Amino acid sequence: MTFTIIGRCQRTGRLGVGIATYSLAVGSYCPHVNHDVAALSNQAFVNPPLGPIAMDLLENDMAPEEVIEHLKTHDPLLDYRQIGIVGRFGATACWSGDSCRPYVGHEIGDGFVAMGNALAGHHVVEAIAGAFQDSKDDDLDERLMKAIEAGRDAGGQATAAGEHMAERSAALYVAQPDMAEIIDLRVDVHDTAVEELRRVFEAYRP
């Protein structure tokens, strides 16, 4: 029940994740960013240890596609999970398991992965990807923010009956090579978490 953008800025080398979901405190267990390695999100029916395992493999120079193949052998229930990776040089990979709640899917582009599960449809993923691509002149934090706002505006998450599910938590995380985290903002419980994340972001940005 989550939609996510994982991206890299070609100008600065920054890596980041923007994410929103009906579940609570998503920023504490789905996104992982190592400024010298990769950005990733492990979501759907989350297996929390998979994020650190994937990051360790990436840190040891395993390519994103190889990491996902390795996780298939490590976790027999990976078909219930969704994992997206963007490496520090822009290499990408994504896995959307067939047993995730529909609609589940992703789009991979130049230095980004847009993905989600329990969505209103593929058009949500398309909106996320489009917003990220259309904002190349913006800083990465703003691009990620615009992307998850586009996912929300396109319908976000939906129940099996097609009823909209509110975004109750959201997070924005951006890191730069050779530096500590520069943005780590989270909304853990809120009726309109994406709007609240934008408010927090605008207050924090100066």
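In this report, the structure presented in the accompanying data block is examined. Everything numeric in this text was worked out from a predicted model, so none of it was measured. Chains are numbered independently. Their residues run from 1 in the order of the written sequence. It should be noted that, the model being predicted, local features are given only for residues of pLDDT at least 70 and side-chain atom pairs only at 80 or more, the latter also being counted only at that level, while totals for whole chains, interfaces and linings use all residues. Calculation of side-chain values draws on the structure's entire complement of heavy atoms; hydrogens and water are dropped beforehand.

## A few points about helix α1 (residues 50–59)
Note on helix geometry: an α-helix contains 3.6 residues per turn, so any two residues three or four positions apart are oriented the same way.
Then, in step 1: Categorising residues by exposure relies on relative accessible area from a 1.4 Å probe, with only protein chains included: less than 20% of the type maximum marks a residue as buried, more than 50% marks it as exposed, and the intermediate range marks it as partly exposed. The way it works is that DSSP assigns letters per residue, a run of H or I at least four long becomes a helix, a run of E at least two long becomes a strand, and they are numbered from the N terminus. What α1 keeps buried is the set L50, G51, A54, M55, L57 and L58. The buried residues of α1 occupy one face: seen down the axis, they fall within an arc of 160°.
Then, in step 2: Note on definitions: a residue-residue contact is assigned when non-hydrogen atoms from the two residues lie within 4.5 Å. If you follow the buried residues of α1, they end up packed against β3 (31–34), β4 (38–44), α2 (64–74) and β5 (81–87).
Then, in step 3: Looking one or two residues past α1, D61 carries a phi angle of roughly 70°, positive in sign. In this description, one arc is meant: the one made by directions from the helix axis to the C-beta atoms.

## With respect to the sheet that holds strand β6 (residues 92–96)
Then, in step 1: One requirement defines pairing of two strands: DSSP has to find at least two bridges between them. Within the open sheet, the four strands sit side by side as β3-β4-β5-β6. Their pairing is antiparallel. Two strands lie at the open edges of the sheet, namely β3 and β6, each paired on one side alone. Neighbouring strand axes in the sheet, compared pairwise and without regard to direction, differ in orientation by 5° on average.
Then, in step 2: Direction of pairing for β3 relative to β4: antiparallel, over a ladder of four bridges. Note on β4: the bridge partner recorded for N34 is A38.
Then, in step 3: Axis lines are fitted to C-alpha atoms, over the contacting stretch for helices. Their N-to-C directions set the angle, which ranges from 0 to 180 degrees. Across the sheet, α1 is in contact with β3, β4 and β5; its angle to β4 comes to roughly 155°.

## Topic: unusual backbone geometry
Then, in step 1: Of the consecutive residues P102 and Y103, the connecting peptide bond is found in the cis state with omega at -10°.
Then, in step 2: Along the chain, the position of Y103 falls in the loop between β6 and β7 (105–109).
Then, in step 3: At A25, a residue that is not glycine, the phi angle is positive and equals roughly 55°.
Then, in step 4: In this fold, A25 is placed in the loop between β2 (15–21) and β3.

## A word on the packing of α1 against α2
Then, in step 1: Between α1 and α2, the least distance of the axes is 10 Å, while the angle of their chain directions is 135°. Relative to α2, the element α1 lies oblique. Between α1 and α2 the crossing geometry is right-handed. Of the residues in α2, those touching α1 at L50, I53, A54, L57 and L58 are P64, V67, H70, L71 and H74.
Then, in step 2: Classification used: nonpolar for Ala, Val, Leu, Ile, Met, Phe, Trp, Tyr, Cys and Pro, charged for Asp, Glu, Lys and Arg, polar for all others including Gly. Taken together, the residues that form the contact of α1 with α2 break down as eight nonpolar, two polar and no charged. Orientation labels follow simple angle bins: below 35 degrees gives roughly parallel, above 145 gives roughly antiparallel, 65 to 115 gives roughly perpendicular, and whatever is left gives oblique. In this scheme the handedness of a crossing depends on how the near helix is turned from the far one: anticlockwise by less than a right angle means left-handed, clockwise means right-handed.

## So, the pairing of β2
Then, in step 1: In terms of residue burial, β2 counts as a mostly covered element, since seven of its seven residues are buried.
Then, in step 2: With seven bridges joining them, strand β1 (residues 2–8) and β2 adopt antiparallel strand pairing. For T2, the partnering residue across the bridge sits in β2 and is T21.
Then, in step 3: Here β1 folds back onto β2 in antiparallel fashion, the turn holding six residues, of which G13 has a positive phi close to 80°.
Then, in step 4: Sheet analysis places β2 next to strand β11 (residues 169–175), joined by seven bridges and oriented antiparallel. For G18, the partnering residue across the bridge sits in β11 and is L172.

## Focus: the pattern of salt bridges
Then, in step 1: When a carboxyl oxygen of Asp or Glu is within 4 Å of a side-chain nitrogen of Lys or Arg, the pair counts as a salt bridge. Here the structure, examined in full by the defined rule, presents 13 salt bridges.
Then, in step 2: Across the salt bridge formed by D75 and R81, the nearest N and O atoms sit 2.5 Å from each other.
Then, in step 3: Among the residues examined, D75 registers a relative accessible area of 5% and is labelled buried.
Then, in step 4: In this structure R81 comes out as buried when scored by relative accessible area, which is 8%.
Then, in step 5: E142 is paired through a salt bridge with R205; the nearest N and O atoms lie 3.2 Å apart. Taken as a pair, E142 in helix α4 (residues 140–153) and R205 in the segment after α5 (193–204) lie far apart in primary sequence, 63 residues in all.
Then, in step 6: Given a relative accessible area of 10%, E142 falls into the buried group.
Then, in step 7: In this structure, a network of salt bridges that share partners links the residues E142, E149, R198, E202 and R205.

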